[in-house]
Amino acid sequence: GLSLTAQQKQTIGSRVNQPPRLDGVIDDEVWQGVQEASGFITNQPSFGKAASRQTIVKVIYDHHSIYIAAQLFDDPATVRRQLTARDQHSRADADHFAVFLDTYKDRQNGFQFLVTSRNVQSDARLSANFSGDWGNYGDVSWDAVWDSRVAINKDGWSVEMKIPYSAIRFSKDSIQAWGIQFLRFSRAFNETSFWNPVNPAVNGFVNQFGDLEGLTNLRPPLRLSFSPY
């Protein structure tokens, strides 16, 4: 079993000059040589085992957005793919993948971006009082503008996400480290697994994220706000 104070995993985001073509197929040159995050650990139905199927995730970023690619290894014939409405993933007969970002690395607050195997999106904001109820990943009434594509392939299914900096908040520091977490849900196994172990016996969720290093010279977008007086 895993100890309650498992060491936080680390992955590195690579800066790129041009964005990947967003089609769910991870064949663009920009993904080559990028560090892979893998070794997911089950959370439900029981904590602490290696996930039934392998998942590999990569992170890159440019001046505009952060991009996440995941290959979810599986028998493509068994991947559940029911179509549902936005933010309704928990009721879907479908697999899903999510990335969670703790952009200030305060281990309390975060953003969640989730996509099902039919490219149905869900997003939510997480806060310290988040209960860890997986049917309800934080405040789902929050909707951001982001993009995603999925593809079925011979090795299972794959996803590419594009999260513009305008969809999230982060500091102005020239070198940053964020908390990051990846989730995979397999309907066939009814299995939820996380990249950095999430132990149901430990209080809190965002404090059980891994770390994303290698972020340099990110520029928060200018936000225009008008105060009536």
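Above this text is the structure in question.
Numbering of residues starts from 1 in every chain and runs along the sequence as written. Residue-level local features of this predicted model are given only where pLDDT is at least 70; pairs of side-chain atoms are given and counted only at 80 or more, and the full residue set underlies all totals for whole chains, interfaces and linings. As a rule here, side-chain values cover all heavy atoms of the structure and leave hydrogens and water aside.

S.K.: In this structure, what is going on with the overall build of the protein chain? I would like to understand it.
M.R.: Here a strand is any run of E in DSSP of at least two residues, a helix any run of H or I of at least four, and the numbering for each starts at the N terminus. Check the secondary structure of the protein chain and you find 0 helices and 13 strands. Secondary structure elements in the protein chain, listed N-terminal to C-terminal, are β-β-β-β-β-β-β-β-β-β-β-β-β. In this scheme, a residue with accessible area under 20% of its type's maximum is buried, one over 50% is exposed, and one in between is partly exposed, where area comes from a 1.4 Å probe on protein chains only. A burial count over the protein chain gives 49% of its 229 residues as buried. The contact criterion used is simple: two residues touch if any of their non-hydrogen atoms lie within 4.5 Å. For the protein chain, contacts bridging at least 24 residues in sequence account for 67% of all contacts bridging at least 6. To be clear on the numbers: accessible area is Shrake-Rupley with a 1.4 Å probe, and residue cover counts the displayed protein chains and nothing else. When the accessible surface of the protein chain is totalled, it reaches about 11000 Å², and 48% of it is carbon and sulfur.

S.K.: I tried to follow unusual backbone geometry on my own but got confused; where do I start?
M.R.: Keep in mind that most residues, glycine aside, have a negative phi and that most peptide bonds are trans. At the junction of Q44 and P45, the peptide bond is cis and its omega measures out at 5° in the coordinates. Position of P45 relative to the elements: it lies in the loop between β3 (41–44) and β4 (55–61). Here the phi dihedral of K105 falls at roughly 50°; this positive angle occurs in a residue that is not glycine. Summarising the element assignment, K105 is placed in the loop between β6 (96–102) and β7 (110–116).

S.K.: In this structure, what is going on with the pattern of salt bridges? I would like to understand it.
M.R.: Pairing between side chains of opposite charge can happen when the charged atoms of each approach one another. Only one rule defines a salt bridge in this text: a Lys or Arg side-chain nitrogen within 4 Å of an Asp or Glu carboxyl oxygen. All chains considered together, the criterion is met by 11 salt bridges. Between R21 and D23 there is a salt bridge, and its shortest N-O distance comes to 3.1 Å. The class of D23 is partly exposed, set by a relative accessible area of 25%. We note a salt bridge from D27 to R21, for which the minimum N-O separation is 3.6 Å.

S.K.: What's the story with the packing of aromatic side chains in this structure? I'm lost.
M.R.: In this description, a pair of aromatic rings is defined by centroid distance and the angle of the planes. Here a pair means two rings of Phe, Tyr or Trp (six-membered ring of Trp) with centres within 6.5 Å. Their orientation is stacked below 30 degrees between planes, edge-to-face above 60, and tilted elsewhere. With the rule as written, the count across this model stands at 9 aromatic pairs. On the basis of an interplanar angle of 15° and a centroid distance of 6.3 Å, the ring pair of F97 and F182 is categorised as stacked. Residue F97 is found in strand β6, and its partner F182 is found in strand β11 (residues 175–186); the two are separated by 85 residues along the sequence. Three or more aromatic residues joined by ring pairs make a cluster, and in this case those are F100, F194, F205 and F209.

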